[in-house]
Amino acid sequence: MNRLHKRLEAPPPDGSFRTAINVCLMAALLCSTMFATGDHAYAQQALPLRGTLQENALPAQNNGAPAAGPPDAPAPATQNGIPSRRYEPVSPGALPDDDNGNLGLLGVPLDDGTPPSGPADDSGGLRPNDATLPGSETAPVPAARPLRLRPGERSLLDEERADTFDNGPIEQNGEANPPAGRTDRDNLPEPALERRIVRPDPEPFAPLGIRAGLVTLRPSISTGLRATTNADGSSDGSSALLSETRLRARATTDWARHSAWLDFDGTYDRTISGEDYSEPNIGLRGGIQLDLGERTTVKGEVGYRYRQEDPSAPTTILGTSNRPAVQELDGSLGLRKEFGRFFADVKGNVDRTVYGNAEFSDGSVVSQKDRNNTFASIALRGGFEMSPAIKPFAEVEIGKLIYDEKEDVNGFQRSGVRTALRGGVEIDFAEKLAGEFALGYLRQGIDDDRLSPVDGLSVDGAIKWSPQRGTDVDIGLLTRVEGATAPGDSGSIFYEGTLGIKRQARANLDLKATLIASLRDNKDGTGWDKGFGAEIGATYWFNRFFGFDISARHEFTRSEVESRQTDETSIFMGVTLQR
């Protein structure tokens, strides 16, 4: 070696080609010796080359057994070499998480019966991790300095944004394309066949009625005390405390095509203290409707009433100890036929009136059978349909009033022919408004030439109006001819109008009010008799069957005849039972 250094340091001054060759060979040998004896190979320090081989890589590949450790754990780092990186495909999710457990050194599947699920890693587990390479650290990016602008200036970026149109986020149309939601179940359980759905009763305090087949009966009875300032309603009546009982019942049918009904209303007043007085008042009325065809209807009604004669009437006999009874029986039968938009009615009517005897305090009795009479008439009505709810009509009536006695006790023949001509309108707005109104002329002739006929204006009508649910308004108009008993007196025409309002303030509280106005056109020269009455009341229902009643009433009559003037005020308190 010293000789070699000496040759390198002191070459012969003259030199030769052989000496130069020897020097080059010695230099190459020295360099190879230095690279071979170093701690780490220089080739392994270069970036493109692989790291050191794992000691168990080749035995694992040759024997077909996996290396020790978990499959997804990275290869352990050795002192001599660069740690290998796990195979990661370019597309995420291409291989499951445990895909590398069956790969060998060079990405070749191990012979354990498990097929590979992705491409093999051809790096043999020796590809270095990018994070471990020198110079792989990311250099920090300096923050951009804010652009300083003068007041009122805009940058080019702001101008570009102003020129563009921002559509904003696309909102989903909930109606045209509703979001997908949870679908309903198809296999819902079937409800039980005997299951009943209980709904609240809209009228929890209305009467249930007694049902017998297709007929329903709704009875009620009211009883209580009435304090009045005029017990008998006469011009000289006095105060009294009365016991008042009222029985009402209504029966209706539930037939598929036809219908029928029956009403009963009876009241009985009797004195408990004060003026001796008793008064029965009974009313019974029934009707039937038969639908014979699509546009043919038959209606029939029959009624009976028992009452006492009005003490303010001109026909009342003065000085009697009782109020004579009056019995009224009536019946009607009508046929209605519709032809397109036109209709025609024909109706027959029969009224029978019977008067009781008048009794005096001395025991004498006066018969009033000469006042008993029968009236029979026929009426023809024709009209057309302006609309299904409004139907104007014209009506003509002709009848005969026949007294049982040809002459009364005074020798006058009071029988005669009655004629009437009316025009009106029928209204049918279902439950909102229904009824009819007629206005015309009425004339009652008398067979005796000594008596003048009774004639005048005829006003009749019956209207039911419900302005809102729970409120009912009833309007009634009546015109009738009254006979006379006095010599030379032909009779009178009596007009009466009633207005009844009923309001259901609560389900168990009913309020009611009634107004009554009357006019009597006396043909005996005594002028007009005017009457007015008003009543208010309330019924509180404790349950469906029992209620408490209270009412107050005031009535008066004004006339030029002193015996026809009356005045009464009364208060009633009682209870009502209904079914």
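Since the structure is predicted, the reported quantities are computational estimates derived from the model, not experimental observations.

1. Examining the packing of aromatic side chains
Evaluation of the coordinates by the stated rule reveals four aromatic pairs. Judged by centre distance (6.0 Å) and plane angle (45°), the ring pair of phenylalanine 532 and phenylalanine 556 falls under tilted. Residue phenylalanine 532 is located in strand β19 (residues 528–541), and its partner phenylalanine 556 is located in strand β20 (residues 546–558); the two are separated by 24 residues in the primary sequence. Overall, the relative accessible area of 37% leaves phenylalanine 532 in the partly exposed class. Since its relative accessible area comes to 24%, phenylalanine 556 is described here as partly exposed. Clustering of aromatic rings is evident, with ring pairs tying together Tyr540, Phe542 and Phe546. Above the ring of phenylalanine 343, the side-chain terminus of arginine 336 is found at 4.1 Å from the ring centroid. Over the ring of tyrosine 355 we find arginine 371, and its NZ or CZ is 3.9 Å from the ring centre.

2. Re the pairing of strand β18 (residues 509–522)
Sheet analysis places strand β17 (residues 492–506) next to β18, joined by 14 bridges and oriented antiparallel. Following the sheet pairing, glutamine 504 is matched in β18 by aspartate 510. The antiparallel pairing of β17 with β18 creates a hairpin that spans two residues between the two strands. Where β18 and β19 come together, 13 bridges link them in antiparallel fashion. Pairing of alanine 517 across the sheet is with phenylalanine 532, part of β19. Linkage of β18 to β19, two consecutive antiparallel strands, is achieved through a turn of five residues, within which glycine 525 is found at a positive phi near 90°.

3. Points about the environment of glutamate 328
Checked against the element boundaries, glutamate 328 lands in strand β7 (residues 325–339). Between the alpha carbons of glutamate 328 and glycine 303 there is a distance of 8.0 Å; along the sequence they are 25 residues apart. If sequence neighbours within four positions are ignored, glutamate 328 has contacts with Gly303, Tyr304, Arg305, Arg307, Arg352 and Thr353. At 3.0 Å, the side chain of glutamate 328 and the side chain of arginine 307 are in polar contact.

Procedures and definitions
For every chain, the first residue of its written sequence is number 1, and the numbers climb from 1 along that sequence. Under the rules for a predicted model, residues below a pLDDT of 70 receive no local features and side-chain atom pairs below 80 are neither given nor counted, while totals for whole chains, interfaces and linings still include all residues. Hydrogen atoms and water are omitted, and side-chain values are computed over all heavy atoms in the structure. A pair of Phe, Tyr and Trp rings is counted when the ring centres sit within 6.5 Å of each other, with Trp represented by its six-membered ring. The angle between the planes then sorts it: under 30 degrees is stacked, over 60 is edge-to-face, the rest tilted. Note on conventions: DSSP H or I runs of at least 4 residues are helices, E runs of at least 2 residues are strands, and numbering of each starts at the N terminus. Burial classes: relative accessible area under 20% of the type maximum marks a residue as buried, over 50% as exposed, and values in between as partly exposed (1.4 Å probe, protein chains only). The criterion for a charge sitting over a ring is simple: Lys NZ or Arg CZ within 6 Å of the ring centre, and within 35 degrees of the ring normal. Criterion used throughout: strands pair if DSSP finds at least two bridges between them. Throughout, a contact is declared for two residues whenever any of their heavy atoms are within 4.5 Å. Here a polar contact is recorded for every N or O atom pair within 3.5 Å, except that within protein the pair must consist of a potential hydrogen donor and a potential acceptor, and residues adjacent in sequence are included only if both atoms are side-chain atoms.

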